[in-house]
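# Reading the structure
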Amino acid sequence: MSSIRPWRTIERRPSRQIMVGSVPVGGDAPISVQTMTNTPTEDVGATIDQIRRCEDVGADIIRVSCPTEEATAHFDKITAAANVPIVADIHFHYKRALEAADKGAACLRINPGNIGSSERVAEVVRAAKANGCAIRIGVNAGSLEKHLLEKYGEPCPEALVESALDHIKLLQDHDFHEYKVAVKASDVFLAVAAYHALAETVDCPLHLGITEAGGLIGGTVKSSIGIGSLLWAGIGDTIRVSLSAEPEQEVKVGFEMLKALGLRTRGVRVVSCPSCSRQGFDVIRTVEALESRLEHIKTPMSLSVLGCVVNGPGEARETDIGLTGGGSGKHMVYLSGVKNHHIESEAMLDHIVRLVEEKAAAIEAGEATAYDPHAAPAEAAE
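The shown structure was predicted, so the numbers you read here are calculated from the model rather than taken from an experiment.

### Side note on the nonpolar core
In this structure, F75, L108, V181 and L206 are the most contacted members of the largest nonpolar core, which totals 80 residues. The element that contributes the greatest number of residues to this core is helix α9 (residues 188-199), accounting for eight residues. Membership of the second largest hydrophobic core comes to 21 residues, among which are L290, I297, V333 and L355.

In structure tokens:
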């Protein structure tokens, strides 16, 4: 049956499914969210602590750089401690790939062309097969092969795609097919065009990213435009938002992208106004406090926080819990889209947090469901 709201429908590109440890990537699997540690991998304790923080905010897959023999010396301790699959980031030293595969890596991120001879690629493939590792081919506009730069004159979509296809052939020549591919660039236009071209050419899962995107605000904007437009077009099976910020922030931004497109939900989706002089309470500070205090909620549900009655009631009718600013320090609370009771300013924050926590607990216990204002009304029992 066709959707009654076709403008909300995203038709995902069909792709083969591979496994990255316990996480399926591609096919009909949920789009997974990745990040990368920035601690020295040799500092096992610090790396595990950062992995744990990323797990807590929802990371599905975490990448760890392995540039040196010292980095892989205790890599097994890192993979054993992690609750999510760990990708070993390898660039030039094929032996680091062999060591990481033997020590629990779920995936090896490589450029096969950087590994060296066909014999070395064959060794990496043998190690991946023996240990059940996937491989991510990582093409980057900033490190394209010299012959492609000479051929095309500059990084361009055709050059990125040709590089990816060359690398794919290297793996296929060794009968290895458990791979996913990225064609990243810091130029949004270049990356998006390359991904569109690659998506039409191959059937493997695609890893999306805008590389070197920038700081928290600028990088979030660039990544949202690039990754978001690709996801909206149905392209992409796993994403990493590259920010000059802590990796936990990358995970949060990635989930917010997926939530905005209705592709995946986790935690509380907050609808809030930018505020103006009509506000009945300090909306900005209230939203900041609520987002911080509700960060531990993993249950998908919605909360609207609006400062006045212009749009407040309309938005509240669409969310699990709604708060609309009123006069004299007294505000209206909505439950499942319906006016329910008033709350005074002094008690407002604690009250809303309690309501969200109670609703989340009820959903998790199977005693309630997240409110869907667009759901068809339940038929009356006969």
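### Brief notes about the packing of aromatic side chains
Enumeration over the complete set of coordinates arrives at zero aromatic pairs. Above the ring of Y179, the side-chain terminus of R16 is found at 5.1 Å from the ring centroid. Of note, R266 hangs over the ring of F255, and the distance from its end group to the ring centre comes to 5.8 Å.

### Side note on the pattern of salt bridges
Considering all chains together, one arrives at 18 salt bridges under this definition. Between K359 and D320 there is a salt bridge; the shortest N-O distance is 2.8 Å. Pair noted here: K359 is in helix α14 (residues 345-364) and D320 is in the loop between α13 (312-316) and β13 (321-324), with a separation of 39 residues, a long-range link. The class of K359 is buried, set by a relative accessible area of 15%. Linked through salt bridges whose partners overlap, the residues forming this network are R12, R13 and D237.

### Description of the sheet that holds β13
Pairing is mixed across the open sheet formed by five strands, whose spatial order is β11-β12-β13-β14-β15. Of all strands in the sheet, those with a lone pairing partner are β11 (268-272) and β15 (338-344), marking the two edges. On average, each strand axis in the sheet is inclined to that of its neighbour by 20°, with strand direction left out of account. Strand direction decides the pairing type here: β13 and strand β14 (residues 330-335), joined by four bridges, are antiparallel. Its bridge partner lying in β14, G322 is registered against Y334. This element, helix α12 (residues 283-293), spans β11 and β12 (301-306) of the sheet and lies at about 160° to β12. With respect to the sheet, α14 is in contact with β11, β12, β13, β14 and β15, its orientation differing from that of β15 by roughly 140°.

### Points about the state of the cysteines
Counted by the stated rule, this structure contains zero disulfides. Take C156: it sits in no disulfide, and the sulfur closest to it among the cysteines is that of C204, at 19 Å.

### Section: α14
For α14, built from 20 residues, the straight-helix expectation of 28 Å at 1.5 Å per residue is met to within 8% by its first-to-last C-alpha distance of 29 Å. Of all the bends found along α14, the most pronounced is centred on H351 and spans about 25°. Taken residue by residue, α14 has M348, H351, I352, V353, L355, V356, K359, A360, A362 and I363 as its buried positions. On its buried face, α14 is in contact with β11, α12, β12, β13, β14 and β15. Phi for G366, located one or two positions after α14, is positive at around 80°.

### A few points about the environment of A105
Relative to the helices and strands, A105 resides in the loop between α4 (94-102) and β6 (107-110). Measuring from C-alpha to C-alpha, the distance between A105 and G132 comes to 8.9 Å, with 27 residues separating the pair along the chain. Beyond its immediate sequence surroundings of up to four residues, A105 is in contact with F75, T79, I86, A88, A100 and C133.

### What to know about the sheet that holds strand β3 (residues 32-36)
An order of β8-β7-β6-β5-β4-β3-β10-β9 is seen for the eight strands of this open sheet, with the pairing classed as parallel. Because the sheet does not close on itself, it has two edges, and the strands there are β8 (179-184) and β9 (207-208). Pairing between β9 and strand β10 (residues 238-240): two bridges, direction parallel. Among the inter-strand pairings, H207 is bridged to a residue of β10, identified as T238.

### Some remarks on the pairing of β11
Pairing of β11 with β12, which is carried by five bridges, proceeds in the parallel orientation. Residue V270 lies in a different strand from β12, and its bridge partner there is L303.

Thresholds, definitions, all that
- Residues numbered from 1 in each chain as written.
- Predicted model: local features only at pLDDT ≥ 70, side-chain atom pairs only at ≥ 80, totals over all residues.
- Heavy atoms only, no water.
- Core = buried A, V, L, I, M, F, W, Y, C linked by side-chain atoms within 4.5 Å.
- Buried < 20%, exposed > 50% of the residue type's maximum accessible area, 1.4 Å probe, protein only.
- Helix = DSSP H or I, 4+ residues; strand = E, 2+ residues; numbered from the N terminus.
- Phe/Tyr/Trp six-rings, centres within 6.5 Å; stacked < 30°, edge-to-face > 60°.
- Lys NZ or Arg CZ within 6 Å of the ring centre and 35° of its normal.
- Salt bridge = Lys/Arg side-chain N within 4 Å of Asp/Glu carboxyl O.
- Pairing = 2+ DSSP bridges.
- Axes fitted to C-alpha atoms, helices over the stretch in contact; angles between N-to-C directions.
- Contact = heavy atoms within 4.5 Å.
- Disulfide = S-S within 2.5 Å.
- Expected span 1.5 Å × (residues − 1).
- Bend = angle between axes of the 7 residues up to and from the residue.

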